[in-house]
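Chain residues, written in single-letter form:
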Amino acid sequence: QAQSGSDSAVGLFINTLPLRVQLTDQTSIDWVKKLHDSLLSLVDYEHSSLAKIQQCSGVDAEAPLFSAVINYRHTGDAGLMLDAEKTGVSLLNAQERTNYPLSISVDDYGLNHFSFEIQVERDINAERVSEYMQQALQRLVGDLLDGGKTPVAELSILPDAERHQQLIEWN
């Protein structure tokens, strides 16, 4: 719902809205549909002030409103390469930072290509979080391709090697 021409503007256009997502015994297809509907319902509030969002959240004012952030960016082909000859702009340096304990940025380049970047607190193993994220996506998409009948809470995020190790240690 951005203003006309904002797609070519330089700068940050973001208003983060809280959404609590719970893993339930719903089938994966029903869970994804519910998540989709929840995200769509937030669009009407994307220009709300942070103060108003905090007020409506029901979260204690002293508590953080977010503990994790997922930023989904429709990057398109432009994100794959910045053509300095055509644009007159060249990238000198880029670095992302966050205040959240867990931040995942997904760049959607279109045509079945995306990437994600994970930032976590120093005490958390970012590689393991990345592996969990990859497994969660693979298992969710795999189940959806098979009809989406598995309860979403039963989809394992453990990589196969780690799952095998856990099963051996428990026996």
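From a predicted model like this one, the values you see are computed outputs, not experimental measurements.

Chemist: What should I look at first to understand the overall build of the protein in this one?
Modeler: Across its full length, the protein holds 5 helices and 3 strands. The N-to-C order of helical and strand elements in the protein reads α-α-β-α-β-β-α-α. Per-residue burial for the protein yields a buried fraction of 18% across its 171 residues. As displayed, the protein has an accessible area near 13600 Å², and 53% of this comes from carbon and sulfur atoms.

Chemist: Sorry, what's going on with the packing of helix 1 (residues 28-42) against helix 4 (residues 126-145) here?
Modeler: Angle between the axes and distance between the axes are the two parameters that describe a pair of packed helices. The N-to-C vectors of helix 1 and helix 4 enclose an angle of 110 degrees; their axes lie 9 Å apart at closest approach. Compared by their axis directions, helix 1 and helix 4 come out roughly perpendicular. Along the contact surface, helix 1 presents Ser28, Ile29, Trp31 and Val32, while helix 4 presents Leu140, Asp143 and Leu144. Here the residues of the contact of helix 1 with helix 4 are counted per class, giving 5 nonpolar, 1 polar and 1 charged.

Chemist: Would you mind going over the sheet that holds strand 2 (residues 102-110) with me for this structure?
Modeler: Two pairing modes exist for strands in a sheet, parallel and antiparallel, and in both the strands are linked by backbone hydrogen bonds. Taken together, the 3 strands give an open sheet; going across it, the order is 1-2-3, and neighbouring strands pair in mixed fashion. For this open sheet the edge positions go to strand 1 (68-74) and strand 3 (113-120), each flanked by a neighbour on one side alone. Taken pair by pair, the neighbouring strands of this sheet meet at an average axis angle of 15 degrees, ignoring direction. Examined bridge by bridge, strand 2 and strand 3 share 8 bridges and lie antiparallel to one another. Bridging across to strand 3, Ser103 finds its partner in Gln119. Packed onto the sheet, helix 4 meets strand 2 and strand 3 and runs at close to 140 degrees relative to strand 3.

Chemist: Is there a simple way to explain the layout of surface pockets in this structure?
Modeler: If a probe the size of a water molecule is rolled over the atoms, the empty space left behind becomes visible. Taken as a whole, the second largest pocket holds about 150 Å³ of empty space. Lining the second largest pocket, in full, are Leu19, Arg20, Val21, Gln22, Thr24, Gln26, Trp31, Lys34, Leu35 and Ser38. Here the lining of the second largest pocket is built from residues that sort into 4 nonpolar, 4 polar and 2 charged.

Chemist: Can you walk me through the nonpolar core in this structure?
Modeler: Looking at soluble globular proteins, one finds that nonpolar side chains tend to be buried together. By size, the foremost hydrophobic cluster in this structure holds 6 residues: Leu17, Leu42, Ile53, Leu65, Phe66 and Val69. With 5 residues, the next largest nonpolar core counts Ile104, Val106, Val129 and Met133 among its residues.

Chemist: Quick question: what am I supposed to make of a nonpolar patch on the surface here?
Modeler: Where nonpolar side chains cluster on the molecular surface, the patch consists of Leu19, Val21 and Leu39 and spans about 230 Å² of accessible area. Within the element layout of this structure, Val21 appears in the segment before helix 1. In this structure Val21 comes out as partly exposed when scored by relative accessible area, which is 42%.

Chemist: Please explain helix 1 as it appears in this structure.
Modeler: Two residues of an α-helix separated by three or four positions point the same way, owing to the 3.6 residues in each turn. With 15 residues, helix 1 ought to run about 21 Å at 1.5 Å a step, and its terminal C-alpha atoms sit 21 Å apart, in line with that. Among all positions in helix 1, only Ser28, Trp31 and Leu42 are buried. Here the buried residues of helix 1 occupy an arc of 60 degrees about the axis, which is enough to place them on one side. In helix 1, those exposed residues whose orientation departs by more than 90 degrees from the buried face are Lys33 and Asp37. Buried positions along helix 1 lie against helix 4.

What counts, and at which threshold
Residues numbered from 1 in each chain as written. Predicted model: local features only at pLDDT ≥ 70, side-chain atom pairs only at ≥ 80, totals over all residues. Heavy atoms only, no water. Helix = DSSP H or I, 4+ residues; strand = E, 2+ residues; numbered from the N terminus. Buried < 20%, exposed > 50% of the residue type's maximum accessible area, 1.4 Å probe, protein only. Areas by Shrake-Rupley, 256 points an atom, 1.4 Å probe, with all protein chains shown as cover. Axes fitted to C-alpha atoms, helices over the stretch in contact; angles between N-to-C directions. Parallel < 35°, antiparallel > 145°, perpendicular 65-115°, else oblique. Contact = heavy atoms within 4.5 Å. Nonpolar A, V, L, I, M, F, W, Y, C, P; charged D, E, K, R; others polar. Pairing = 2+ DSSP bridges. 1 Å grid on protein atoms, 1.4 Å probe; cavity = no way out; pocket = protein on both sides within 12 Å on 5 of 7 lines; lining within 4 Å. Points joined across faces, edges and corners; volume = space filled by probe spheres on them. Core = buried A, V, L, I, M, F, W, Y, C linked by side-chain atoms within 4.5 Å. Patch = residues over 30% accessible without salt bridge, like charges linked within 9 Å, V, L, I, M, F, W, Y side chains within 5 Å. Salt bridge = Lys/Arg side-chain N within 4 Å of Asp/Glu carboxyl O. Expected span 1.5 Å × (residues − 1). Arc of directions from axis to C-beta.

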